Amino acid sequence: MAAESSPAEDAATATPDIETPVTEKDAAADANPPPSFGARARACFSATYARHSFLAHVLVVIALARCYPPLGAVYLAPQITAKWIAVVFIFVMAGLGLKTEEFTNAIKQLRFNLAVQAFNFLGVSSIVFGISRLLASAGVLARNLADGMVICACLPMTINMVLVMTKSAGGDEAAAVFNAAFGNMLGVFVTPLLILMYLGQEGSVDIEKVFVKLSLRVIAPIVVGQLLKNFVPPVTRFVAKYKPRFKKTQEWTLVFIIYTVFCNTFLEKSETTGVDAIVMVAVQCCLLCLVMVVAWLFLKIFFPNSPKLRVMGLFGCSHKTVAMGIPLINAIYETDPDLAFYTLPLIVWHPMQAVIGSAISPKLNAFVEREEARLSPLKTTEHS
């Protein structure tokens, strides 16, 4: 019978455990485990909300307006709060933000600047007017929504979005600054004239009253904003210091205006249905894509060797401002029962231009780099 080994002998003869060295990567993985599905979902929701917060707020207030219209149509005194205080505040802020000192740069690229402004005001509005009239005549599109599409097309370009998109796509930022500022200043005068030219009596507008209201609610506040910007430095510094808060306040002011507009519409009742609105959304999306394609071809023909200008021009030709557009429409069509349907196409156009612009920015950036590389030998030859 074999002798049993002692515990000490077993410990001496046992094979030692081999420890696997822990790498820095493993340590980092242990310290930072992958986020859970819920965390990823919350992060995705937060990022989407941050990008499209304005649209989300608009949808919420339209639903609230539908639930109880009298609140925004009567009890919140929209004739004072929405049509005067809110509109004047927005245009004073617009005056403070307009960089009119950039207007002196217009002469450097006069041909390009004129082309962008002409396409943004005349090109887009003529395309949308023709197609919307055709669809309205065929009974595909409700007349008030068709008029709203034309009104949207007559508005100037955005300011912030054009600058952001141009920068991310590698376009000419100086051209973006000028055209955005000049276009918005020009739009105060050109937009009402274009609307009256296209819609005439269909918009039920009293020309004299319109320009009196525009002078008091739009032009005068912009002038006040410019005077504060140029002659009262403490105001400029204060606004610059709290710029994010003022921007958010402007956004909520626009949302408030939209809320009161839809409250009034739901209170008055309308024959326009949800199906009509869905058709309009689809048509607006198609029109925006069509406008951008036509603008790109237009810029390619007239500015073939200026890739940075072409990229800026693509956004400048097709974008429409919601920040100045909604209060401007509100001032023009103050008593019109279809006011909500005149603003709805713009509410659709605005997020669509952001989504499409963000999607094509990387391709445009690559286009600019490719074209600049192609053109650099030609520029070197010209200078030598």
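Up top is the structure.
Position numbers for residues count from 1 along each chain, tracking the sequence in the order it is written. In keeping with the model being predicted, local features are shown solely for residues with a pLDDT of at least 70 and side-chain atom pairs are shown and tallied solely at 80 or more, while totals for entire chains, interfaces and linings include all residues. Values reported for side chains reflect all heavy atoms of the structure, with hydrogen atoms and water molecules removed beforehand.

### What to know about the layout of surface pockets
Of the volumes computed, that of the largest pocket is approximately 1600 Å³. The pocket and cavity definitions rest on a 1 Å grid over protein atoms only: a 1.4 Å probe that fits but cannot leave marks a cavity, an open set with protein on both sides within 12 Å along at least five of seven lines marks a pocket, and residues lining either have an atom within 4 Å of a point. For the largest pocket, the lining is made up of 44 residues, of which Ile159, Asn160, Met161, Lys247 and Gln250 are closest to its centre. Top element by residues in the lining of the largest pocket is helix α13 (residues 243-268). It accounts for seven residues. Grouping the amino acids of the lining of the largest pocket by side-chain chemistry returns 26 nonpolar, 11 polar and seven charged. Grid points are joined across faces, edges and corners, and a volume is the space filled by probe spheres set on the points. Looking at the second largest pocket, its volume works out to about 280 Å³. Note on conventions: DSSP H or I runs of at least 4 residues are helices, E runs of at least 2 residues are strands, and numbering of each starts at the N terminus. The classification used treats Ala, Val, Leu, Ile, Met, Phe, Trp, Tyr, Cys and Pro as nonpolar, Asp, Glu, Lys and Arg as charged, and all other residues, Gly among them, as polar.

### Considering the side chain of lysine 320
Relative to the elements of secondary structure, lysine 320 occurs in the loop between α15 (307-318) and α16 (325-332). No salt bridge forms around the buried lysine 320; measuring N to O, its nearest opposite-charge neighbour aspartate 147 is 16 Å away. A distance of 2.5 Å separates the side chain of lysine 320 from the backbone oxygen of asparagine 120, its partner in a polar contact. Buried, partly exposed and exposed residues are distinguished by accessible area as a fraction of the type maximum, computed with a 1.4 Å probe on protein chains only: under 20%, between the cut-offs, and over 50%, respectively. Note on charges: Lys and Arg go in the positive column, Asp and Glu in the negative column, and His and the chain ends are not counted at all. What makes a salt bridge here is a side-chain nitrogen of Lys or Arg within 4 Å of a carboxyl oxygen of Asp or Glu, nothing more. Under this definition, polar contacts are N or O atom pairs within 3.5 Å; protein pairs additionally need one hydrogen-donor-capable and one acceptor-capable atom, and for neighbouring residues in sequence, both atoms have to be side-chain atoms.

### Regarding unusual backbone geometry
For alanine 77, which is not glycine, the phi torsion reads 50 degrees and is therefore positive. As for its position among the elements, alanine 77 is in the loop between α5 (69-75) and α6 (78-97). Residue class for alanine 77 comes out partly exposed when judged on its relative accessible area of 34%.

### Structural notes on the nonpolar core
Definition used in this section: a nonpolar core is a set of buried Ala, Val, Leu, Ile, Met, Phe, Trp, Tyr and Cys residues joined via side-chain atoms within 4.5 Å. Phe54, Phe91, Phe112, Phe262, Ile326, Ile329 and Tyr333 are the most contacted members of the largest nonpolar core, which has 95 residues in total. Discounting chain neighbours no more than four positions away, the residues touching phenylalanine 262 are Ile62, Ala65, Ala340, Thr343, Leu344 and Ile347. Val92, Met93, Val239 and Phe246 belong to the second-largest nonpolar core, a separate cluster that totals five residues. Every residue pair with non-hydrogen atoms within 4.5 Å of one another is taken to be in contact.

### What about the pattern of salt bridges?
Side chains that differ in charge, positive against negative, can pair when their charged atoms come close. Considering all chains together, one arrives at five salt bridges under this definition. Of the charged contacts, one joins glutamate 334 and lysine 213 as a salt bridge, the two residues approaching to 3.4 Å between their closest N and O atoms. Within this pair, whereas glutamate 334 is found in the loop between α16 and α17 (339-383), its partner lysine 213 is found in helix α11 (residues 207-231), the two being separated by 121 residues in sequence. Judged by relative accessible area, glutamate 334 falls into the buried class, the value being 15%. For lysine 213, a relative accessible area of 17% puts it in the buried group. The salt bridge partner of glutamate 251 is lysine 248, with a shortest N-O separation of 3.8 Å. Placement of both glutamate 251 and lysine 248 in helix α13 is noted, with a separation of three residues, approximately one turn of the helix. Under the relative-accessibility criterion, glutamate 251 is labelled buried at 16%. With relative accessibility at 37%, the residue lysine 248 sits in the partly exposed group.

### So, the packing of aromatic side chains
Note on ring pairs: Phe, Tyr and Trp rings are taken, using the six-membered ring of Trp, and paired if centres are within 6.5 Å. Classes follow the plane angle, with under 30 degrees stacked, over 60 edge-to-face and the rest tilted. As enumerated under the stated definition, the model contains 10 aromatic pairs in all. Ring-pair connections join several aromatic residues into one group, and the members of that group are Phe119, Phe298 and Phe302. Over the ring of phenylalanine 266 we find arginine 66; its NZ or CZ atom is 5.4 Å from the centre of that ring. Note on criteria: charge over ring means Lys NZ or Arg CZ within 6 Å of the ring centre, with the direction from the centre no more than 35 degrees off the ring normal. Of note, arginine 310 hangs over the ring of tryptophan 296, and the distance from its end group to the ring centre comes to 4.8 Å.

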